[in-house]
Structure formats: structure tokens, C-alpha cells
Amino acid sequence: MILGIECTAHTFGIGIVHRGKILANVKDMYKTEKGGIVPIKSAEHHREVAERLYIEALRKSEINEKDIEAIALSNAPGLAPCLLEGLRFAREKARKLGIKIIPVNHCIAHLEIGQSIGAKDPILLYVSGANTQIIAFAGEKYRVFGETLDIGVGNFLDKFARHIGCGFPGGPFIEELARHAKEENMIYIELPYVVKGMDVSFSGLLTKLQQLFDSGIDAGQLSYSLQETAFAMLVEAAERAIAHTGKKELVLGGGVACNKRLQEMCKIMCFERKAKFFCPAKELLTDNGAMIAYTGEIMLNAGISVNFDKLDIKPRERTDEVEVRWK
């Protein structure tokens, strides 16, 4: 019985997993009406909701806290104030219950949760706020075969949404504007398309979009063109990784993966390459405690855990720095 804590950025989540089965997955997200995420404010949010979510998770899973065998914590990578708040809460519970903590890399958890829907050896297209990576297991580690050269695709969406007057998170606003623009048959506007091998870049695309909006181009038309361009870049890079590695599965992960148009483009690519496409349910795509607990259980079964007073956060830990001892 593993309890997982997600705390890397805007979301505080708690999940409970037993033998690969998700018993509870509750979370609360820090949001703003305008502007982006403020790390200190997000950490304060985590502190305020942590105990309530802990109690709710126990209630939903119908277990007693004494049934918990270990706590899995997303201690890397992420915003330091948020990670510290999660560490504080995990230590408090681990000390009280006399159990150990399993340090889980947030990015790897997005890949491992793909196992829960049947993926065995996939390429992960990981698309979130701070992270945009193409990850797969090779040579005893999770390797980054491609990534953003500047900002994550989620931050890119948030920045453009903020520029046109929307709050955080910006992705859902952009998706809705794009959907309406497509329904109204708005014309696609050609935008900078930057793919270098399996790496992508969004800063030039963002600058061009901001300039076009300031010149009076409709926000819906720009949102539609943004999605068609940015997502095509991601799918091209993911397809190249599939061809390079010879793997036959693609898993989507991260909050941006909730976007229906991105899912559609990935499905088409996988169909054409005769690869299997896996997309977890929305509650497992966005940051959540269940994927941390799920990965933590796999790691614990391989003998990986630490005493609560020995663990620290790793805000800048890269996916390919993690020693994978559970494969």
C-alpha cells in the first residue's frame, strides 16, 4: 500500500496504489485569473490543501493510514518552494507512521504510468509546463532523445495566453479558441517551424505570435495556427525517435497531452507507422499523486527507499541522471 505525493509545481496531489491498482487519486491545483504561476504562492497553496487531500485520499481508498507501507514523493525536478513543501509533508507523515520514503522523478513517473494502460517499452512524448522531452529506456537508463531548446511547450502556451489576456493555465484557453476558429473555417497562418533533429524550439514562434496579435490578428486564428504548428513539430520529433530506436509504442504524458488535437495528430502518426498509441486518462496525464505512487511501488519492489531524514529535493535533476535500478 503506497501513498504518493505530487508537489513539483502548481498541483498538490495524493494517490494511493496497491499492487498496481489505483485506489485514490485526489489533487488541488493552484490557479490565477491573470499572470503565471508564483512559486511561493503555489507552495503556500500546497501547505493549505495537503492535510485535507490526505484525509480525502484515505477515505476514498477505504484504508487506515497505518496500512501505508511507504510514501513515494516527487522530489525532482520542479520548483524548489513547492518541492520543499511536499518534502516537509512527506517527512511529517513518514516520521509519524515509522515508514520510509521513495524518491520519484516526476518525469519518469509520467512514463511509468503508461504501464497501467498496457504500454511495455514505449517512447514517451512528455509535454508539460516546464518540460518538453522525448524519453525512452535504453542502455540501463531513461534517455532523453529530444527536448526543447528553450521553453517547455506548456510555458509557451501559458505565455501566449497571458499575452492575449488569459489566466493560468493557458493551454485550455488556447485549445478552446483554436476549436472555435476551426469551426469557423479560419485560415491557417504560416508560423516559424523549428525542429533540429529531435529537438524543438518555441521562443521564435512565441515572438511571432505576440507580434501578430499586437498587429490586430484574431486570437482564435492565431491559437489555431499555433496548435497546428507547435504540435506538428512535436509529432515530427516523436516520429523520428520511434524510427531511431525501433520501438513500436508511443505514450503521451504531461498536462499538454490533454489537448485533443495533439492526441489526434499522434494517433494519425502512430497509425501510419504501425505503432501502438497509448494515452492515459486525463487525471493521469496532468500532475497527480497516483502516478507517483504507481512508480514508487515499482521502485519499492526493487528495494529502493530511504529514511525520511536522508531525503532531499533535486529541483534540476534531469531524467537521464536517474539511476534506473528497477528495470
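Notes on the structure in this doc start here. Given the structure is predicted, the values throughout are model-derived calculations rather than measurements.

It is worth spelling out the pairing of strand E5 (residues 100-105) at this point. Looking down a regular strand, the side chains alternate between one sheet face and the other. Bridge analysis of strand E4 (residues 70-76) against E5 gives six bridges, and the strand direction is parallel. Bridge pairing in E5 places Leu 73 opposite Pro 103. The parallel pair E4 and E5 is bridged by helix H2 (residues 80-97), and the resulting crossover is right-handed.

All right, on to the nonpolar core then. Leu 125, Phe 156, Phe 202 and Leu 250 are the most contacted members of the largest nonpolar core, which has 47 residues in total. Put simply, the parts of the chain that give this core at least two residues each are strand E6 (123-127), strand E7 (132-138), helix H4 (153-163), helix H6 (203-214), helix H7 (219-245), strand E11 (249-253) and helix H8 (260-273). No other element matches the 12 residues that H7 contributes to this core. Residues contacting Phe 156, with those up to four places away along its chain left out, are Ile 151, Phe 202, Leu 205, Leu 206, Leu 209, Leu 226 and Ala 230. Formed by 30 residues, the second largest nonpolar core is a distinct cluster that contains Leu 124, Ile 135, Met 291 and Met 299.

Once that is clear, we can look at the sheet that holds strand E8 (residues 141-147). The strand order E8-E7-E6-E11-E12 describes an open sheet built from five strands, whose pairing is mixed. Each having just a single partner strand, E8 and strand E12 (276-278) make up the two edges of the open sheet. For this sheet the average axis-to-axis angle between neighbouring strands, irrespective of direction, equals 25°. Bridge analysis of E6 against E11 gives four bridges, and the strand direction is parallel. When the bridges of E11 are listed, Leu 125 appears paired with Leu 252. Against the sheet, H7 touches E6, E7, E8 and E11, its axis set at about 160° to E6.

Our focus in this paragraph is the packing of H4 against H6. Orientation of H4 relative to H6, taken along the N-to-C sense of each, is 15°, at an axis distance of 10 Å. Classified by the angle between their axes, H4 and H6 sit roughly parallel to one another. Between H4 and H6 lies a crossing whose hand is right-handed. Residues Phe 156, Lys 159, Phe 160 and His 163 of H4 touch H6, and the partners they reach there are Leu 205, Leu 206, Leu 209, Gln 210, Phe 213 and Asp 214. Tallied by class, the residues present in the contact of H4 with H6 amount to six nonpolar, two polar and two charged.

This brings us to H2. In a regular helix each residue adds 1.5 Å, so 18 residues correspond to 26 Å; H2 covers 25 Å between its end C-alpha atoms and thus fits that length. Within H2, burial applies to Cys 82, Leu 83, Glu 85, Gly 86, Leu 87, Phe 89, Ala 90, Lys 93 and Ala 94. Immediately beyond the C-terminal end of H2, within one or two residues, lies Gly 98, with a positive phi of roughly 70°.

Taken together, the five strands give an open sheet; going across it, the order is E3-E2-E1-E4-E5, and neighbouring strands pair in mixed fashion. The outermost strands of the open sheet, each flanked by one partner alone, are strand E3 (21-29) and E5. On average, each strand axis in the sheet is tilted by 20° relative to the strand beside it, whichever way the strands run. Here strand E1 (residues 2-6) runs beside E4; their pairing, made up of four bridges, is parallel. Looking at the pairing, Ile 2 lines up with Ala 70 of E4. Against the sheet, helix H1 (residues 39-61) makes contact with E1, strand E2 (11-18) and E3, and its axis sits at roughly 155° relative to E3, the strand it touches most. Packed on one face of the sheet, helix H10 (residues 289-301) meets E1, E2, E3, E4 and E5 and runs near 130° to E1.

Attention shifts here to the environment of Glu 317. You can see Glu 317 is positioned in the segment after H10. Residues Glu 317 and Asn 105, 212 residues apart in the sequence, show an inter-C-alpha distance of 8.0 Å. Once you skip the residues sitting within four places of it in the chain, Glu 317 turns out to touch Ala 76, Pro 77, Asn 105 and Val 322. Here Asn 105 takes part through its side chain, which lies 3.1 Å from a polar atom of the side chain of Glu 317.

Inspection of the entire model under this criterion finds 20 salt bridges. Arg 52 serves as the salt-bridge partner of Glu 56, at 3.8 Å between the closest nitrogen and oxygen. Note that Glu 56 and Arg 52 are positioned in helix H1 at a spacing of four residues, about one turn of the helix. What makes Arg 52 partly exposed here is its relative accessible area of 42%. Across the pair Glu 147 and Arg 318 runs a salt bridge whose closest N-O atoms are separated by 3.1 Å. Here Glu 147, found in strand E8, pairs with Arg 318, found in the segment after H10; they are 171 residues apart in sequence, far enough to count as distant. Taking relative accessible area as the criterion, Glu 147 reaches 24% and is therefore assigned partly exposed. Salt bridges sharing common partners tie together Arg 47, Glu 51, Glu 85, Arg 88, Glu 92 and Lys 93.

The rules we used
- Residues numbered from 1 in each chain as written.
- Predicted model: local features only at pLDDT ≥ 70, side-chain atom pairs only at ≥ 80, totals over all residues.
- Heavy atoms only, no water.
- Pairing = 2+ DSSP bridges.
- Helix = DSSP H or I, 4+ residues; strand = E, 2+ residues; numbered from the N terminus.
- Right-handed = clockwise from strand over helix to strand, strands pointing away.
- Core = buried A, V, L, I, M, F, W, Y, C linked by side-chain atoms within 4.5 Å.
- Buried < 20%, exposed > 50% of the residue type's maximum accessible area, 1.4 Å probe, protein only.
- Contact = heavy atoms within 4.5 Å.
- Axes fitted to C-alpha atoms, helices over the stretch in contact; angles between N-to-C directions.
- Parallel < 35°, antiparallel > 145°, perpendicular 65-115°, else oblique.
- Left-handed = near helix turned anticlockwise from the far one by under 90°.
- Nonpolar A, V, L, I, M, F, W, Y, C, P; charged D, E, K, R; others polar.
- Expected span 1.5 Å × (residues − 1).
- Polar contact = N/O pair within 3.5 Å; in protein donor to acceptor, adjacent residues only side chain to side chain.
- Salt bridge = Lys/Arg side-chain N within 4 Å of Asp/Glu carboxyl O.

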